[in-house]
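Now for the letters of each chain:
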Amino acid sequence: MKENRFEIDMCTGALMPKLISFSLPLMFSNALQLLFNAVDLIVVGRFAGSQCLAAVGSNTALINIMTALFMGLSLGANVCAARFYASREYKKMSEVVHTSISIAVISGAFILIFGQLIAHPALKLLGTPDDIINLSKLYLRIYLLGTPFSMLYNFGAAILRAVGDTKRPMIFLIIAGIVNAGLNVFLVVVFHMDVAGVAIATIISQLISCVLVIRVLFKSPDAYKIKMNELKIHPKHLKNIVSIGVPAGLQGIVINASNAMLQSSVNSFGANAMAGYTAANNIFGFLYTSANSITQACMSFTSQNLGAGKYKRMKSVLFNCLILETVVCLMLGAVAYFFGDKIIGIYSSSPVVIEYGLQILSLTTLTYFLCGYMDCIPGALRGMGHSAVPMILSIIGTVGTRIVWIYGIFPHHRDMKFLFISYPASWIATIIMQSICYFIIIRKFSGDTVSESEVL
């Protein structure tokens, strides 16, 4: 099945080495992305001042909300492409690829135009202070110019992941990230362009990663090669991509909203608690991206094995991924738990801030493998073409538990550690529901044949 040395044969051979080979480049890529984002903030904060730092940081939530739905669609593209590649339906895969790239272009253009129109009112709605709103708006409007490049990179990388190629997107991200960091220093420090310099550096780095990925797809085997004259949206494949991708995107939006509710409870403890939470949340970013890389592997491997008709192997994929989630999350969680004071000390030297951060980490780091499970099981379900029900269960389990905890229980036990018990509690509640859903759906694949309506 392999067409070149970058691909991974997901349907034969030992699973664990291949899952690791698939996941590690993704983990490294995601960690680098977080580091490069940190460089943006460090450069603008140290050389342009606190107002510019706040202006850049104030856009994070808004940008995530605007892009989450379309990032979900890239997951749908990944699942559909992987399935057709494994079943050797190369014409259908090619149609998925051209549909996906067309969606990327349209979604990037939509975000660019829509974002320009709502930039000011959206920032006002989010409570951006008057003294930085013009800087925030300037950063956002320049940043949005790069969203077509970002969408093309993410959809292109999703297609490459569908055939097991996670190494080249990682290499492209490294190249783009280094350029981004260098341009940050050059534009902000040398030319004093402040938030505009950081935004322009981001656009150029996104353009570079986009060009590199699209270049690979233009030179790929016919199954996933881009041909300009074939770029169009195929309605049937669009329907399948949307049915998988939209629930995934909506889930991300709603869970981010639940985190915002929790943030409001943290804010009630004052500035030191907010700083401690900010530091702890950055640490969560590294834990989450590592866990999510395994989820991406689970989704791609499940989808390919479904396409190849290897239903028993799909169960082994999830089992091996859960083992991998356990090992990776416990290792990284232990580092964060035992060295938390030193890590948080990078963000702040205040003993009070460090103490608040440690209270949060004490309940969430060693238990973070539960979050990995909560993420991985829906990944397997999406790989089987089921995305709506896992979304509903994730919202009920995660958001529902946190709402009850934050507004029903926490007011009677106002303590930071007690507040963050809601994290493992919501993870456990969601795992239970997702597991029941998984066992019900996997039974459909116990026979030798499955109808297309059950698969898509």
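From a predicted model like this one, the values you see are computed outputs, not experimental measurements. (Residues numbered from 1 in each chain as written. Predicted model: local features only at pLDDT ≥ 70, side-chain atom pairs only at ≥ 80, totals over all residues. Heavy atoms only, no water.)

### A look at the overall build of the chain
Here is the rule we go by: A helix here means a DSSP run of H or I that spans at least four residues, while a strand means a run of E at least two residues long, and both kinds are numbered starting from the N terminus. Our radius of gyration looks at C-alpha atoms and nothing else; its globule reference is 2.2 Å times the residue count to the power 0.38. Relative accessibility decides the category of a residue: with a 1.4 Å probe and only protein chains considered, values under 20% of the type maximum give buried, values over 50% give exposed, and everything between is partly exposed.
A tally of regular secondary structure across the chain gives 18 helices and zero strands. The C-alpha radius of gyration computed for the chain amounts to 22 Å, which stays within 12% of the reference 23 Å derived for 456 residues, consistent with globular compactness. Across its three principal directions, the C-alpha atoms of the chain cover 60 × 50 × 35 Å. Residues classed as buried in the chain amount to 54% of the 456 residues present.

### A closer look at the pattern of salt bridges
Going by this rule: The salt bridge definition used is simple: a Lys or Arg side-chain nitrogen within 4 Å of an Asp or Glu carboxyl oxygen.
Applying the stated criterion across every chain, the model contains four salt bridges. Across the salt bridge formed by Arg168 and Asp165, the nearest N and O atoms sit 2.7 Å from each other. As far as burial versus exposure is concerned, Arg168 and Asp165 are alike and both buried.

### Structural notes on the packing of helix H10 (residues 271-307) against helix H11 (residues 311-338)
Here is the rule: What counts as an axis is a line fitted to C-alpha atoms, over the stretch in contact for a helix, and the angles between N-to-C directions run from 0 to 180 degrees. Roughly parallel here means an angle under 35 degrees, roughly antiparallel means over 145, roughly perpendicular means 65 to 115, and every remaining angle is called oblique. Three classes are used: nonpolar for Ala, Val, Leu, Ile, Met, Phe, Trp, Tyr, Cys and Pro, charged for Asp, Glu, Lys and Arg, and polar for all others, with Gly counted as polar.
Their axes nearest at 9 Å, the elements H10 and H11 cross at an angle of 170°. Taken as axis vectors, H10 and H11 run roughly antiparallel relative to one another. Counted by class, the contact of H10 with H11 contains 17 nonpolar, five polar and two charged residues.

### With respect to a nonpolar patch on the surface
Defined as follows: For patch detection, residues must exceed 30% relative accessible area and be free of salt bridges, and they are connected within 9 Å for like charges or within 5 Å for nonpolar side chains (Val, Leu, Ile, Met, Phe, Trp, Tyr). For every accessible area listed, the method is Shrake-Rupley and the probe measures 1.4 Å; residues are considered covered only by the protein chains on display.
On the surface, a cluster of nonpolar side chains totalling about 470 Å² of accessible area is made up of Val335, Tyr337, Phe338, Phe339 and Leu366. Along the chain, Phe339 falls in the loop between H11 and helix H12 (340-347). Of the residues examined, Phe339 reaches a relative accessible area of 44% and is grouped as partly exposed.

### Side note on the state of the cysteines
Two cysteines joined by a covalent bond between their sulfur atoms form a disulfide. Quick note on the threshold: Cysteine sulfur atoms are paired as a disulfide whenever they come within 2.5 Å of each other.
Within this structure, the stated rule accounts for zero disulfides. There is no disulfide at Cys11, and the cysteine sulfur nearest it, in Cys321, is 14 Å away. You can call Cys11 buried: its relative accessible area is 3%. The thiol of Cys329 is unpaired, and the distance to the nearest cysteine sulfur, on Cys371, comes to 7.4 Å.

### Observations concerning the environment of Leu34
Heads up, the condition is: It only takes one pair of heavy atoms within 4.5 Å for two residues to be counted as in contact.
Turning to its location among the elements, Leu34 is positioned in helix H1 (residues 15-48). C-alpha separation for the pair Leu34 and Phe172, spaced 138 residues apart in sequence, amounts to 15 Å. Ignoring sequence-local partners within four residues, the contact set of Leu34 consists of Gly285, Phe286 and Thr289.

### Let's talk about the environment of Phe286
Counting through the fold element by element, Phe286 comes out in helix H10. Note: C-alpha distance between Phe286 and Val188 (98 residues apart in sequence) is 27 Å. Setting aside chain neighbours within four positions, we find Phe286 in contact with Ala31, Leu34 and Leu35.

### A look at the side chain of Arg161
Let me state the cut-off plainly: The convention is simple: Lys and Arg are positive, Asp and Glu are negative, and His and the chain ends are not counted. Here a polar contact means two N or O atoms within 3.5 Å. Within protein one must be a hydrogen donor candidate and the other an acceptor candidate, and residues neighboring in sequence count only if both atoms are side-chain atoms.
Relative to the elements of secondary structure, Arg161 occurs in helix H6 (residues 147-162). Buried within the structure, Arg161 lacks any salt-bridge partner; Asp165 is the closest side chain of opposite charge, at an N-O distance of 10.0 Å. Of note is the side chain of Arg161, whose polar atom sits 3.4 Å from the side chain of Gln296. Discounting residues that sit within four places of it in the chain, Arg161 has contacts with Met10, Phe22, Leu26, Leu75, Asn78, Thr166, Gln296 and Ser300.

### Some remarks on helix H4 (residues 90-125)
Where we set the bar: Two axes are fitted around each residue, one to the seven residues ending there and one to the seven starting there, and the angle between them is reported as the bend at that residue.
Along H4, the largest kink reaches about 60° and is centred on Ala119; proline Pro121 follows within four residues of it. Phi turns positive one or two residues past the end of H4, at Gly127, with a value near 80°.

### Quick look at the confidence of the model for the chain
Interpreting fine coordinate detail is not advised for predicted regions of low pLDDT. The cut-off we apply is this: A residue's pLDDT is the confidence the predictor assigns to it, expressed on a 0 to 100 scale.
For the chain, the average pLDDT comes to 88, and 96% of its residues sit at 70 or higher. The least confident element of the chain, judged by mean pLDDT, is helix H18 (residues 452-455) at 42; the most confident is H6 at 96. Contacts for the low-pLDDT stretch residues 448-456, under 50 throughout, to residues beyond four places or in other chains number 17 contacts.

### A word on the side chain of Asn305
For Asn305, the location among the structural elements is in helix H10. Discounting residues that sit within four places of it in the chain, Asn305 has contacts with Met10, Cys11, Lys310, Arg313, Met314 and Val317.

### Looking at unusual backbone geometry
Even without glycine at this site, His192 takes up a positive phi of about 55°. Phi at Asp194 is positive, roughly 55°, even though this residue is not glycine. Following the sequence through the fold, Asp194 ends up in helix H8 (residues 194-218).

### With respect to the packing of aromatic side chains
The criterion, for reference: Each pair of aromatic rings taken from Phe, Tyr and Trp, with Trp reduced to its six-membered ring, is defined by centres within 6.5 Å and is described as stacked if the planes are under 30 degrees apart, edge-to-face if over 60, and tilted in the remaining cases. Charge-over-ring placement is defined geometrically: NZ (Lys) or CZ (Arg) within 6 Å of the ring centre, and within 35 degrees of the ring normal.
A full pass over the atoms with the stated rule returns 17 aromatic pairs. A ring pair is formed by Tyr438 and Phe439, whose centres lie 5.8 Å apart and whose planes are at 75°; its orientation type is edge-to-face. By relative accessible area, Phe439 is classed as exposed at 55%. Sitting over the face of the ring of Tyr423, Arg402 holds its NZ or CZ atom 4.4 Å from the ring centroid. When the ring centre of Phe269 is taken as reference, the NZ or CZ atom of Arg414 above it lies at 5.0 Å.

### Regarding the packing of H4 against helix H5 (residues 133-143)
For any two helices packed against each other, one specifies the crossing angle of their axes together with the interaxial distance. The criterion, for reference: Definitions for this section: a left-handed crossing has its near helix turned counterclockwise from the far helix by less than a right angle. A right-handed crossing has that turn clockwise.
Where H4 contacts H5, the two axes come as close as 10 Å, and the packing angle between them is 145°. Judged by the twist between their axes, the crossing of H4 over H5 is right-handed. Between H4 and H5, the residues in contact are Gln116, Ala119, His120, Leu123 and Lys124 and Ile133, Ser136, Lys137, Leu140 and Arg141, respectively. The residue inventory of the contact of H4 with H5, partitioned by class, reads four nonpolar, three polar and three charged.

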